[in-house]
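A closer look at the structure
Below, each chain spelled out in residue letters.
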Amino acid sequence: MRLFRRDRTPPPEALGAGTALTVDVVEGQFTSVLVWTRELRRVLDDAQPALTVLHAAGFEGTVQLRAGDAPGAVLGDVRQRTGRTFGIEVEPGGDLVLDLGRGAQQRRTGPIMTELVALPGLGLQDPHSIALAEVVFAVAEVVAEEADDPVALPAPLTVTRANLQLLAETDDLPERWCACLFVTRPHDVPPDADEELRSALWVEHTEGVKVNLDGSVADDPSERDDPGADSHAALATLEEWAGTDVDLGPYARWLAERTQEWLGMTVRGLSPTGR
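Residues numbered from 1 in each chain as written. Predicted model: local features only at pLDDT ≥ 70, side-chain atom pairs only at ≥ 80, totals over all residues. Heavy atoms only, no water.

**Quick notes on a negative patch on the surface**
We count it as follows: For patch building, the residue pool is restricted to those with more than 30% relative accessible area and no salt bridge; the joining distance is 9 Å between like charges and 5 Å between nonpolar side chains (Val, Leu, Ile, Met, Phe, Trp, Tyr). In this description, accessible areas are obtained by the Shrake-Rupley approach with a 1.4 Å probe, and a residue is regarded as covered only by the protein chains that are shown. Whenever a carboxyl oxygen of Asp or Glu lies within 4 Å of a side-chain nitrogen of Lys or Arg, that contact is scored as a salt bridge. Counted charges follow a simple rule, with Lys and Arg positive, Asp and Glu negative, and His plus the chain ends left uncounted. Where a charge sits is defined by one atom per residue type, namely NZ (Lys), CZ (Arg), CG (Asp) or CD (Glu). Runs of H or I in DSSP of at least four residues are treated as helices and runs of E of at least two as strands, each being numbered from the N terminus. Buried residues are those whose accessible area, probed at 1.4 Å on protein chains only, stays under 20% of the maximum for their type, while exposed residues exceed 50% and partly exposed ones sit between those limits.
A cluster of acidic residues, Asp-126, Glu-169, Asp-171, Asp-172 and Glu-175, forms a negative patch on the protein surface. In this fold, Asp-171 is placed in the loop between β7 (158–167) and β8 (176–184). Take Asp-171: its relative accessible area is 89%, and that puts it in the exposed class.

Listed below in C-alpha cells is the structure:
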C-alpha cells in the first residue's frame, strides 16, 4: 500500500521564476494554487524547450499552457507586457510554431527549432542571438505574405518572398540584420503546370538579394565563397529587368517595422539607425 504520494511540483525555474516570462496557468488553473498531477507536469515539461526559446528571444509576459491533441503536443498563449497576445504550438518532436492570429485570419509560422545550438554557416553562437534569429526569420516570412506590394518596386518587379536574417559579427562588422528579398518578374505559367514546373519557372525569373535596412547590399560572410549568392549581381539583374535603378531599402524597412509590430516588441538593430 502506498502511504505517500509522489510530489510532482516543478522547480520554480521551470515556471520562469525570476525571469520576464513566467507560466501562470496550466490547463486553466493558476500555478500558484495548482496541485500538480503527472498529466499537468507533463504539459509543462513538454513545453520547456519552447519556453526556453521564447525567453532567450526576449519575450516578456505570462504564458498559459494546455495539452495538445497528440502525445507530446502542447498549446498555449503568450500574453506580452506590451499588450500583444499570440498562440504557441509545441509539436510532438519539440519544434515550436507561433500562431500570429490577426483578426479573423490565422497566421502560423513554419517550425522554429528549439535546440539553441550554433547555426551552421551563420556563425551565431550566443543562445539569445540564435533564438532571436530563428523567431524573427519565421515571423518575417509570414509578414511578407500579409499584403500584395506593400512597398512598390519599379515595374514589373514584385517581392514574392522575404525574410529577415541576423548576420554574425566579423572582424570588421558587428552583428547586424539584413533583409533577404526574392524579387520576381512576370512570367507565363501553363494552366496545367505542376508544382515542380511552377517552382522551376519561379526560380528562373527570380533574383534573391540581401540588403541592409538602408538599402545597401549586405555582406553575408557565409556566402562570400558562393558564386551563386552574389547580391550585387542579382541587384544588377533586377535593374536590367526594370530598366532603372532599384531601391530595396523601403521594402526592407517596412518588413523590419511590421515584423516588430507582429512580435509585439522592439528588436535591437531592426531600424536603419541600428537602435
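After presenting the structure, the write-up continues.
**Some words on the nonpolar core**
For clarity, the cut-off: We define the nonpolar core as a collection of buried residues of types Ala, Val, Leu, Ile, Met, Phe, Trp, Tyr and Cys that are connected through side-chain atoms lying within 4.5 Å of one another. Any two residues whose heavy atoms approach within 4.5 Å at even a single point are treated as in contact.
Counting residues in each nonpolar core, the largest one holds 75 residues, and the members touching the most others are Leu-65, Leu-98, Leu-248 and Leu-255. Ranked by residues supplied to this core, first place goes to helix α2 (residues 127–144) with 12 residues. Among residues more than four places away in sequence, those in contact with Leu-65 are Val-23, Val-25, Val-26, Glu-27, Val-43, Leu-44, Ala-47, Leu-51, Val-74, Leu-75, Gly-76 and Ile-88.

**Looking at the pairing of strand β5 (residues 85–90)**
For the record, the criterion: Strands were regarded as paired on the criterion that DSSP finds at least two bridges between them.
Of the strand pairs in this sheet, strand β4 (residues 74–80) and β5 are connected by 6 bridges, and their pairing is antiparallel. From the neighbouring strand, Asp-77 faces β5, where its bridge partner is Gly-87. Linkage of β4 to β5, two consecutive antiparallel strands, is achieved through a turn of 4 residues, within which Gly-83 is found at a positive phi near 100 degrees. Across 4 bridges, β5 lies against strand β6 (residues 96–99) in antiparallel orientation. Its bridge partner being in β6, Ile-88 is matched across the sheet by Leu-98. Between the end of β5 and the start of β6, which pair antiparallel, lie 5 residues, with Gly-94 showing a positive phi angle near 110 degrees.

**Side note on the packing of helix α1 (residues 38–57) against α2**
The description of two helices packed together rests on the angle between their axes and the distance between the axes. Inclusion rule: Here an angle of 0 to 180 degrees is reported between the N-to-C directions of two axes, which are lines fitted to C-alpha atoms, with helices fitted over the stretch in contact. An angle counts as roughly parallel when it lies under 35 degrees, as roughly antiparallel when it exceeds 145, as roughly perpendicular when it falls between 65 and 115, and as oblique in every other case. Gly is put with the polar residues, along with every residue not named as nonpolar or charged; the nonpolar set is Ala, Val, Leu, Ile, Met, Phe, Trp, Tyr, Cys and Pro, and the charged set is Asp, Glu, Lys and Arg.
Two elements in contact, α1 and α2, have axes whose closest approach is 8 Å; the angle formed by their N-to-C orientations is 100 degrees. When the interaxial angle is binned, α1 and α2 end up roughly perpendicular. Contacts from Val-53, Ala-56 and Ala-57 of α1 reach α2 at Pro-127, His-128, Ala-131, Leu-132 and Val-135. Residue composition of the contact of α1 with α2, by class: 7 nonpolar, 1 polar and no charged.

**Focus on the side chain of His-205**
Inspection of the secondary structure puts His-205 in the loop between α3 (195–204) and β9 (206–211). Those residues in contact with His-205 that lie beyond four places of it in its chain are Val-183, Thr-184, Arg-185, His-187 and Trp-241.

**What to know about helix α5 (residues 249–263)**
Our working rule: In this scheme, a helix's expected span is set at 1.5 Å multiplied by one less than its residue total.
Here α5 is 15 residues long and its end C-alpha atoms lie 21 Å apart, about the 21 Å a rise of 1.5 Å per residue gives. At its buried positions, α5 is contacted by β4, α2, β7, β8 and β9.

**Concerning the pattern of salt bridges**
Close approach of charged atoms allows side chains of opposite charge to pair. The tally for this structure, following the rule as stated, stands at 5 salt bridges. The closest approach of N and O atoms between Asp-77 and Arg-66, which form a salt bridge, is 3.4 Å. With a gap of 11 residues between them, Asp-77 in strand β4 and Arg-66 in strand β3 (residues 61–67) connect regions that are remote in the sequence. Exposure remark for Asp-77: the relative accessible area of 21% places this residue in the partly exposed category. When its relative accessible area of 35% is taken as the criterion, Arg-66 is described as partly exposed.

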